[in-house]
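Topology and contacts: notes
Take a look at the letters that make up each chain.
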Amino acid sequence: MTAIDPRPLTGEPVSLDLLNTRWNKEGVRQDLLAEVEGLAVWLAANGLAERFVADATTLRHTLAARDALAALVDHPGDPAATARVDAVLDHGRIRATLTADGPGEEAEFADPAWGPGWTAARDYLDLLRTAPDRIRACAHEACILHFFDTSRNGTRRWCSMAACGNRAKASRHYARAKEG
């Protein structure tokens, strides 16, 4: 049985969900991937537990992918960050398939321990192809979470309106009340 996912934001595309395995809780940095058990939670949350094993090697490779993606998200277009993501992508490939349902694709890995990290890096490429301007970091200064803005007008600023958005509104209200 897999433990409960303790993260404040889940359900984002797998690449951003991997970045969101680090978060702040009451000013203290949390890391779901500090242990293999956390990797099992993350794999289950993203439907990857059936295909990949949560072990020390997979954790190490997944952390390498998370660090590479974080560098690229923080510094888009940076050649060194791009090279790090490319290095993760070198560990897998897509094979075209034909099934009874029609054309398809299947990921292949020389070392399956790279599978989860590669899957996240590949997903990030898909987000860049689709709408790179919708990949966002939460606007709250104490938050380190990321999200894919699916709002109609593309103006979402907070990872969660209930958490960070509400804190920002309360802070503005307090500042106005203090001035008045």
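For the structure, see preceding data.
Report on the accompanying structure. Bear in mind that the values here come from a model prediction, so they are computed numbers and not experimental data.

**As for the pattern of salt bridges**
This model, assessed by the stated rule, comprises 10 salt bridges. Here arginine 7 and aspartate 5 are joined by a salt bridge, their closest N and O atoms 2.7 Å apart. Judged by its relative accessible area of 6%, arginine 7 is buried. You can call aspartate 5 partly exposed: its relative accessible area is 22%. The network of salt bridges with common partners includes Arg93, Arg95, Glu106 and Glu108.

**Considering the nonpolar core**
The biggest cluster of nonpolar side chains holds 43 residues, and the ones touching the most others in it are Leu18, Trp42, Leu69, Val85 and Cys159. The greatest single-element share of this core, amounting to 8 residues, is contributed by helix α3 (residues 56-74). Look past the residues within four positions of valine 85 in its chain and what remains in contact with it is Ala68, Leu69, Leu72 and Ala121.

**Brief notes about the packing of aromatic side chains**
Going through the model one piece at a time under the given rule, you end up with 2 aromatic pairs. A centroid spacing of 5.7 Å and a plane angle of 70° characterise the contact between phenylalanine 52 and phenylalanine 109, whose relative ring orientation is edge-to-face. Pair noted here: phenylalanine 52 is in the loop between α2 (36-45) and α3 and phenylalanine 109 is in strand β4 (residues 102-109), with a separation of 57 residues, a long-range link. Take phenylalanine 109: its relative accessible area is 19%, and that puts it in the buried class. With a centroid separation of 5.2 Å and an interplanar angle of 75°, the aromatic rings of phenylalanine 109 and tryptophan 118 are classed as edge-to-face.

Thresholds, definitions, all that
Residues numbered from 1 in each chain as written. Predicted model: local features only at pLDDT ≥ 70, side-chain atom pairs only at ≥ 80, totals over all residues. Heavy atoms only, no water. Salt bridge = Lys/Arg side-chain N within 4 Å of Asp/Glu carboxyl O. Buried < 20%, exposed > 50% of the residue type's maximum accessible area, 1.4 Å probe, protein only. Core = buried A, V, L, I, M, F, W, Y, C linked by side-chain atoms within 4.5 Å. Helix = DSSP H or I, 4+ residues; strand = E, 2+ residues; numbered from the N terminus. Contact = heavy atoms within 4.5 Å. Phe/Tyr/Trp six-rings, centres within 6.5 Å; stacked < 30°, edge-to-face > 60°.

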